[in-house]
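Below, each chain spelled out in residue letters.
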Amino acid sequence: MEKMMDRCGLFGMFDNNGFHTSHLIYYGLFSMQHRGMEAAGICVNDNQGNFSYVKDEGLVTEVFDEMKLEKLQGHAGIGHILRYDGSDARENAQPIVIRYTSGHMAVALNGGLTNIEEIRHDLELKGSVFQTMEAAEVISVLISRARNNYPTIEEAIASIMPMLKGGYAMLVMTPRKVIGVRDPQGIRPLVLGREDHSWFLSSETCAFDELNVDYVRDIQPGEIVVINAEGSHSIQGMQAQPIRACIYEYIYYSHPASVFGGQEVYKARYNMGCHLAKEAPADADAVVWVPDSGLAAAAGYADTLGIPMVDAFVKNKYYGNNLVKPEGILFDRKIHMKLSVIKSQVKDKNIVVVDDSMVRGTTAQTLVELLRHAGAKSVHLRIASATISHPCYYGASMPEEKKLIFHEQGVDAVCKMTGADSLAFLSSEGMVAACPDAAGGFCMACFNGDYPTK
Ligand code: SF4
């Protein structure tokens, strides 16, 4: 409801087995629908270097049907799902497809660049015209201009990487290659997979699990990996810096079954709940989890304190983008469209609610209201991450700084606002300790203002 939403998911492949490329990309994107629901797109490359694509606003299942997938015939392709806050998701759907001196090129991006407007303005002064607001289009122009000066597309990409400030993972497809690129600090995730002689790139490993593709490894910070008819090879596009992977991928964004840098997401969330229980125990009769991302942390919290965990919230599985949202008088009635409560699970009980994070505080307020209305004796809120007080510039679509609940307020004031009997958060140290298997450090800038890029 009020979570920060990641901008986008990526899935690409180079087929050397006779697989049905567009269908596999479709299923790969579908398995990562949680990363963006505003638009979806797939571009495929036939054996002659001709690109065809379909992209539009909507869920993966709304944008594609069997007929469209059948028309997308090719041996290689890249796909994208978009999370977009504006009203023109159709216009900004990716992949971006252009023609340049070496033929077609398609680009899809997950992430955010802090200097994209400067680059765009500079290119406009040099005569470039842009159709979208997407950074992917700006990058496609940068690569096409650089390509004339370098013998390979990967070297052209390496030449423009120092210009890109921020956190990103991207896929680039040319007539003979599919290329994956990760920013030099590894802020945004990208993983490599393989089945027989075919190679895959994805934002998350959950897509590989769904397709029975073997996970090979994470793309390293600053690495450019090329998959093509010969297999896969890499060059170092930029010197790798100490890794600063987005910790919010573990807290909320990613599918619980996914693994990044050696750390399983579910296990990280469970550990966060365990650490939260040690840091902020509550005297309660039952632990209630918040669907869906609060489940693992609530289990860790309940197990650590030996308090039973109960199912109290039921999520309406038909809730979605197309629902007419209540406004005006209807909004004032506080219609809770997404969640309802099983009263017998909470009536006359002291309840501790565990959620993964708090952005604006409106969801927490709703949870407390629902539980009190259902007869809970007391409601204690426990959040399995630290307080979010800074905006993200690396691709998380989140409210402007002044709309973050902890921009100006402290925990006591927010507790009062939510109506809870108590409120506590996991410490930053607790978040890091919950990810013992992760290789390297984390970006935690939205929690502590320490941005990996200046
Ligand atoms: S600022 Fe927050 S959401 Fe953005 S990359 Fe860093 S940890 Fe992730």
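Residues numbered from 1 in each chain as written. Predicted model: local features only at pLDDT ≥ 70, side-chain atom pairs only at ≥ 80, totals over all residues. Heavy atoms only, no water.

A. Examining the site of the ligand more closely. Around the ligand sit 13 residues, and of these R188, C246, C392, C443 and C446 come closest. Residue assignment for the shell around the ligand shows that the elements contributing at least two residues are α8 (248–253) and α16 (445–448). Broken down by class, the residue content of the shell around the ligand amounts to 12 nonpolar, no polar and one charged. (Near = heavy atom within 4 Å. Helix = DSSP H or I, 4+ residues; strand = E, 2+ residues; numbered from the N terminus. Nonpolar A, V, L, I, M, F, W, Y, C, P; charged D, E, K, R; others polar.)

B. Structural context of the sheet that holds strand β12 (residues 214–218). Pairing within the open sheet is antiparallel, and its seven strands lie in the order β4-β3-β5-β2-β11-β10-β12. Each having just a single partner strand, β4 (51–57) and β12 make up the two edges of the open sheet. Across the sheet, the mean angle from the axis of one strand to that of its neighbour is 15 degrees, orientation sign disregarded. Looking at chain direction, strand β10 (residues 191–195) and strand β11 (residues 198–202) are connected through five bridges and run antiparallel. Its bridge partner being in β11, V191 is matched across the sheet by S202. (Pairing = 2+ DSSP bridges. Axes fitted to C-alpha atoms, helices over the stretch in contact; angles between N-to-C directions.)

C. Spatial organisation of the packing of helix α4 (residues 116–125) against helix α5 (residues 135–147). Here α4 crosses α5 at 50 degrees, and the two axes come no closer than 10 Å. With respect to α5, the element α4 is oriented oblique. Read as a crossing pair, α4 and α5 show a hand that is left-handed. Of the residues in α5, those in contact with I116, I119, R120 and L123 of α4 are A135, V138, V141, L142 and R145. Along the lines of polarity and charge, the residues of the contact of α4 with α5 split into seven nonpolar, no polar and two charged. (Parallel < 35°, antiparallel > 145°, perpendicular 65-115°, else oblique. Left-handed = near helix turned anticlockwise from the far one by under 90°. Contact = heavy atoms within 4.5 Å.)

D. Fine view of the packing of aromatic side chains. Per the stated rule, a full pass over the model turns up 13 aromatic pairs. Ring centres 5.1 Å apart and planes at 70 degrees place the aromatic pair Y26 and Y27 in the edge-to-face group. Using a relative accessible area of 13% as the deciding quantity, one classes Y26 as buried. Among the residues examined, Y27 registers a relative accessible area of 42% and is labelled partly exposed. Arranged with centres 6.2 Å apart and planes meeting at 45 degrees, the rings of Y248 and F447 form a pair that is tilted. Separated by 199 residues along the polypeptide, Y248 in helix α8 and F447 in helix α16 bring together distant segments of the chain. Judged on exposure class, the residue Y248 and its partner F447 are both buried. (Phe/Tyr/Trp six-rings, centres within 6.5 Å; stacked < 30°, edge-to-face > 60°. Buried < 20%, exposed > 50% of the residue type's maximum accessible area, 1.4 Å probe, protein only.)

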